[in-house]
Amino acid sequence: MSNTRIYLDHSATTYTKPQVFEEMLPYLNTYFGNPSSIYEMSRVTENAIDHAREQVAKALNANKDEIYFTGGGSEADNWALKGIAFANKHRGNHIITTKIEHHAILHTCEFLEKNGFEVTYLPVDSDGFINPDELRQAITDKTLLVSVMFANNEIGTIEPIQEIGNICREKKVLFHTDAVQAVGHIAIDVKAMNIDLLTLAAHKFYGPKGVGALYIRRGVKIDSLIHGGGQERGKRAGTENIAGIVGLGKALELATEEMETENDRLVYLRNKLIKGLSCIPYSKLNGPSGAKRMPGNVNICFEFIEGESMLLLLDSKGISASSGSACTSGSLDPSHVLLAIGLPHEIAHGSLRLTLGSATTEEDIDYVLKVLPGIVQRLRDMSPLWKKHLQEQGAMKKYAI
Ligand SMILES: *Cc1c(COP(=O)(O)O)cnc(C)c1O
């Protein structure tokens, strides 16, 4: 990574760690054999995939034959929802999810609604948590599947996954979790947590892009999404992305080893950043504080300004950040997650997401704290809303973190 820029968008994607890249390289040049062929080189690639499957299974406390490689997180989310819905439609047509899921889940649910399925979108509280009692009440005898994300990509909320898993198991409903933000960052045990299906993507934990996996518990009935050859035990067709899969396995092994120490470091830096930014008047932290927040996530709204203009000024100072989710930038609608936690449109528009990761140093945080207050002030000085506010001062309540 170039150290002239400060990258604070790790929830959008991460760089590929050198140790991961080195492990991948031989499978791009020396060992390129098709794992389905029968010559010696194919056995090498077959074994490499097998080893990666073992690394993933170990990280999740799953069995090796429950891990299926995909072309990323979105594909695994699509597969989980469509595959379960269509394979089990004789049992019912109801799916339960939340209002704050990634679009890979929400847009898939909309597609299923057009195809005869009914979807309940659970609301969340002001910190982004679903209420397990509301989930319990939403389950009917038509419910096939519950899909609740492990951790939110915008505001960092870690959902009560163990409780949700227990309820689903008790009610005999399948439970899928989009764990793309969580895998490699927080400890996950699919057996203990009663998770039936789980989505992960390598590029969110320092592996390559375009490769992910779906964990499918043994015995769960699911249709294929990609039809064709017999790869992935006949469940996901297509010649394997060998280098990508090797990179995914290695990246997850590394992330699991480093998780505890790295999280201590990130929590310290995150808290320092939140504390510093909270000194800016009319700012508000979105998402919970403390242990139920992703270690590297900071999401703050600054009233009276536009998130997008903040990003441009930060960019000109060498800081890469995001205003909510990367998938929604380019649209004028405020983030569906910020609206779901109850923020009014005009405040949601002034949101800034800074996500820290392995390349983040304390100097980076100090630099952000040095330049950001000035940027906010500069934008407010240009804002008609701010001028109006100054005239009406006293009428509005001050937000505090
Ligand atoms: C990034 C992300 C996805 C999509 O994963 P891709 O690998 O980009 O397809 C899905 N869900 C969440 C929560 C994410 O953060």
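Relevant structure appears above.
The sections below set out a description of the structure shown in this document. Since we're looking at a predicted model, the values are computed, not measured.

Brief notes about the overall build of the protein
Each helix and strand in the protein was counted, giving twelve helices and twelve strands. For the protein, whose C-alpha radius of gyration is 22 Å, the value lies close to the compact-globule estimate of 21 Å for 401 residues. Each of the three principal axes of the protein carries a C-alpha extent, and together these read 75 × 50 × 35 Å. Expressed as a percentage of the 401 residues in the protein, the buried residues total 55%. Look at the contacts in the protein between residues 6 or more apart in sequence, and 74% of them connect residues 24 or more apart. For the protein, the exposed surface amounts to about 17,300 Å²; the carbon and sulfur share of it is 53%. On the protein, the mean spot of the 42 positive side-chain charges and the mean spot of the 48 negative ones are 2 Å from each other.

Comments concerning the environment of Leu269
Tracing the chain through its elements places Leu269 in helix H7 (residues 242-277). For Leu269, a relative accessible area of 3% gives the class buried. Along the backbone, Leu269 and Lys221 are 48 residues apart, and their C-alpha atoms lie at a distance of 44 Å. Once you skip the residues sitting within four places of it in the chain, Leu269 turns out to touch Leu356, Thr360, Thr361, Glu362 and Ile365.

Remarks on the sheet that holds strand E5 (residues 143-147)
Strand order across the open sheet formed by seven strands is E2-E8-E7-E6-E5-E3-E4, with mixed pairing between neighbours. The open sheet has two free edges, formed respectively by strand E2 (67-70) and strand E4 (118-122), since each of these has just one partner strand. Mean inter-strand twist for the sheet, computed between neighbouring axes without regard to direction, equals 20°. Pairing geometry for E5 and strand E6 (residues 174-178), over three bridges, is parallel.

Rules used in this analysis
Residues numbered from 1 in each chain as written. Predicted model: local features only at pLDDT ≥ 70, side-chain atom pairs only at ≥ 80, totals over all residues. Heavy atoms only, no water. Helix = DSSP H or I, 4+ residues; strand = E, 2+ residues; numbered from the N terminus. Rg over C-alpha atoms; globule rule 2.2 N^0.38 Å. Buried < 20%, exposed > 50% of the residue type's maximum accessible area, 1.4 Å probe, protein only. Contact = heavy atoms within 4.5 Å. Areas by Shrake-Rupley, 256 points an atom, 1.4 Å probe, with all protein chains shown as cover. Lys, Arg positive; Asp, Glu negative; His and termini not counted. Charge placed at Lys NZ, Arg CZ, Asp CG, Glu CD. Pairing = 2+ DSSP bridges. Axes fitted to C-alpha atoms, helices over the stretch in contact; angles between N-to-C directions.

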